[in-house]
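# Reading the structure
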Amino acid sequence: MQSFRKELWFNTLTRRAFINITQQVESCIHESGIREGLVLVNAMHITASVFINDDESGLHHDFEVWLEKLVPEKPYSQYKHNGFEDNADAHLKRTIMGREVVVAISEGKLDVGPWEQIFYGEFDGMRKKRVLVKIIGQ
Ligand code: ZN
């Protein structure tokens, strides 16, 4: 069995963002030389997510509106966590959207459905944060 590890770094210009990282994950698979196996992609921060969904701007808007309804960013004072920080909503949004995805690799490629794309979900951005890509297989 072979293994491969790489970190992808992000620094968004906005507090919240969805970034399609499918191509970057595919590049990691290519670099690893692994043809059959699994790829784990996880956010290494507790205010960011990795998830799979459609790359469609209307849907991304819907996610933003839905998450803001569930856990609005403001007023900051509504959350106990916001003593020294203002990112309680980001912790909660991350929990809803998930920490990681695991995807099969078949014949050297991501084995996903036709509309499945991998996203980095940022909920407390404007600083450097990273995603782990770990690949195992042969
Ligand atoms: Zn916090």
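Quick caveat: nothing in here was measured; it's all calculated off a predicted structure.

Now for the coordination of the zinc ion. With distances of 2.0 to 2.3 Å, the protein atoms coordinating the zinc ion are His81 (NE2), Glu85 (OE), Asn87 (OD1) and His91 (NE2). With four donor atoms in place around the zinc ion and angles of 81 to 158° between them, the coordination shape is irregular. Spacing between the donor residues of the zinc ion along their common chain follows H-x3-E-x1-N-x3-H. Exposure remark for Glu85: the relative accessible area of 39% places this residue in the partly exposed category.

Under the criterion given, the structure shown has 15 salt bridges. Across the pair Arg5 and Glu7 runs a salt bridge, and its minimum N-O distance is 3.0 Å. By relative accessible area, Arg5 is classed as partly exposed at 46%. Here Asp124 ties to Arg127 by a salt bridge, and the two come within 3.0 Å at their closest N and O atoms. Arg127 sits in the partly exposed class, given a relative accessible area of 36%. One network of salt bridges, in which partners are shared, links Arg15, Arg16, Glu64, Glu68, Glu73, Asp86, Asp89 and Lys93.

Glancing now at the side chain of Asp89. In this fold, Asp89 is placed in helix α3 (residues 88-97). The contact partners of Asp89, leaving out residues within four places of it in the chain, are Arg15, Arg16, Glu68, Val71, Pro72, Glu73 and Tyr79.

On to the sheet that holds strand β3 (residues 37-43), then. The strand order across the open sheet built from five strands is β1-β8-β3-β5-β6, with neighbouring strands paired in antiparallel fashion. The sheet is open, and its two edges are formed by β1 (2-10) and β6 (109-110), each paired on a single side. Relative to strand β8 (residues 129-137), β1 runs antiparallel, the two being bridged by nine bridges. In the sheet register, Ser3 faces β8, and the bridge partner there is Ile136. Packed onto the sheet, helix α1 (residues 22-32) meets β1, β3, β5 (100-106), β6 and β8 and runs at close to 150° relative to β1.

Right, let's talk about the sheet that holds strand β7 (residues 117-122) for a bit. If you walk across this open sheet you meet the three strands as β2-β7-β4, and the pairing is antiparallel. In this open sheet, the two edge strands, each paired with only one partner strand, are β2 (17-20) and β4 (48-53). Direction aside, neighbouring strands of the sheet carry axes that sit 30° apart on average. In terms of strand pairing, β4 meets β7 through six bridges, oriented antiparallel. When the sheet's bridge partners are listed, Val50 is paired in β7 with Tyr120.

Thresholds applied
- Residues numbered from 1 in each chain as written.
- Predicted model: local features only at pLDDT ≥ 70, side-chain atom pairs only at ≥ 80, totals over all residues.
- Heavy atoms only, no water.
- Donors = N, O, S within 2.8 Å, 3.2 Å for Na, K, Ca; no water.
- Tetrahedral: all angles 85-135°; square planar, octahedral: opposite > 155°, others 65-115°.
- Buried < 20%, exposed > 50% of the residue type's maximum accessible area, 1.4 Å probe, protein only.
- Salt bridge = Lys/Arg side-chain N within 4 Å of Asp/Glu carboxyl O.
- Helix = DSSP H or I, 4+ residues; strand = E, 2+ residues; numbered from the N terminus.
- Contact = heavy atoms within 4.5 Å.
- Pairing = 2+ DSSP bridges.
- Axes fitted to C-alpha atoms, helices over the stretch in contact; angles between N-to-C directions.

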